[in-house]
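Okay, here's what each chain looks like letter by letter:
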Amino acid sequence: MPKVQLGTSALQVTPICLGTMTFGEQVSEAVAHSILDRSLERGVNFLDTAEMYSVPAKAQTFGATETILGNWLAKRPTARAQLVLATKVAGPTRGMPWVREGAGMTSQDIVNSCHASLRRLQTDVIDLYQIHWPERHVPAFGTAYYDPSKETSATPIHEQLDTLAGLVKAGKVRAIGLSNETPYGVHEFVRLAEQHGLPRVATTQNPYCLINRTFENGLDETCHRLNVSLLAYSPLGFGLLTGKYDATGTEGPQAPPGARISTYETVRKQRWGRAEALVAARRYNALAQAHGLTPTQMALAFCYTKWQVASTIIGVTSVAQLDTDLDAWGTTLSPELLSAIDAIRWELRDPAL
């Protein structure tokens, strides 16, 4: 795979990134290390994690994923130099009081979280340090509309940037990024960075897949014009776009055992568990098969080949799944198939927004 530059940073990454949020929950440390070994062997140089992982988030597994990655890096001392390592500081707690004492995300919270991530990851520097979700109130994680009455922001964006700049200056962080952001947020981070000589965000990590293309509702132009790279997460819609739920649905005795949506009630209550999301996924999956592709191949190729996407984050629970996702690289979608995809989106829009 070729390397792509992230925004205006010096980071060069593969267009496929290994996401790790299942490590420590669905995936044991031993299996996680096997997946990491195979990913490195196949040339993936980009790993993404977060302080709040594993997912679904709970106090018992807070920080578990970073710890697993750190243990793997410690056993393979030559691996770190080959990798671009990304992690995230959690935004306001969203019902997770174990993340930090306060409900918000102060400057000291950012510093403390960065230092804790460095310890768990057993590394001296984080290549890409991202704000997992905005400190201010935004429509995200299934919320469709902005509501100013819910605003509780207490740490201005300028102050957040100043804090991140301090971590960059101290050599703890190489580049910074955002996640689950809006066009306003990306613009404001870039504007303030340029106005005050602070680090410029290189990336935003947002959902992007066949059943959630909300990135294309204006944020794509923002990122293109400001040279901020999209890291696309959930390209398979939490498994809906693999076809494994098509016949059985997402819950009940016939649903796939051990699969993310069928296993976790908390996930079924979120955007990926909506009935409308499964309806749309079934349409896309049938379209893929009608064109001689597996649903996984079409869904991943959609992200792999879109100009909007710098790197696609794949999450797997086995080496076999990893190989399947990597083998989809190079799959092309015909103009006719892309038109058919757009026709379904026009009809059903973005049910997993």
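All of these numbers come straight from a predicted model, not from anything done at the bench. (Residues numbered from 1 in each chain as written. Predicted model: local features only at pLDDT ≥ 70, side-chain atom pairs only at ≥ 80, totals over all residues. Heavy atoms only, no water.)

1. Observations regarding the environment of P199
With respect to the helices and strands, the residue P199 is situated in the loop between α5 (183–196) and β8 (201–207). Classification of P199 as partly exposed rests on a relative accessible area of 21%. In this structure the C-alpha to C-alpha distance between P199 and G166, which are 33 residues apart in sequence, comes to 9.6 Å. Excluding residues that lie within four positions of it along the chain, P199 makes contacts with L161, A165, V168, I176 and A193. (Helix = DSSP H or I, 4+ residues; strand = E, 2+ residues; numbered from the N terminus. Buried < 20%, exposed > 50% of the residue type's maximum accessible area, 1.4 Å probe, protein only. Contact = heavy atoms within 4.5 Å.)

2. Side note on the packing of α5 against helix α6 (residues 219–226)
In helix packing, the relevant descriptors are the interaxial angle and the interaxial distance, both defined with respect to the helix axes. Where α5 contacts α6, the axes come no closer than 9 Å and their chain directions differ by 20°. Considering the angle they form, α5 stands roughly parallel to α6. The two elements α5 and α6 meet at a crossing, and its hand is left-handed. The residues of α6 that touch α5, namely those facing P183, V186, H187 and V190, are L219, T222 and L226. (Axes fitted to C-alpha atoms, helices over the stretch in contact; angles between N-to-C directions. Parallel < 35°, antiparallel > 145°, perpendicular 65-115°, else oblique. Left-handed = near helix turned anticlockwise from the far one by under 90°.)

3. With respect to the nonpolar core
Grouped together as the largest cluster of nonpolar side chains are 96 residues, with contacts concentrated most on Y129, I211, L241, Y284, M298 and I341. Apart from the residues within four sequence positions on either side, Y129 is in contact with T87, K88, V89, I110, S113, C114, L164, L167, V173, A175, I176 and G177. Judged by nonpolar contacts, the second largest core, of 14 residues, contains L11, F46, V84 and A175. (Core = buried A, V, L, I, M, F, W, Y, C linked by side-chain atoms within 4.5 Å.)

4. Quick word on the environment of E347
In this structure, E347 sits in helix α12 (residues 335–348). Linking E347 and W98, residues 249 residues apart in sequence, is a C-alpha distance of 41 Å. Within the structure, the side chain of E347 is placed 2.9 Å from the side chain of R283, a separation counted as a polar contact. (Polar contact = N/O pair within 3.5 Å; in protein donor to acceptor, adjacent residues only side chain to side chain.)

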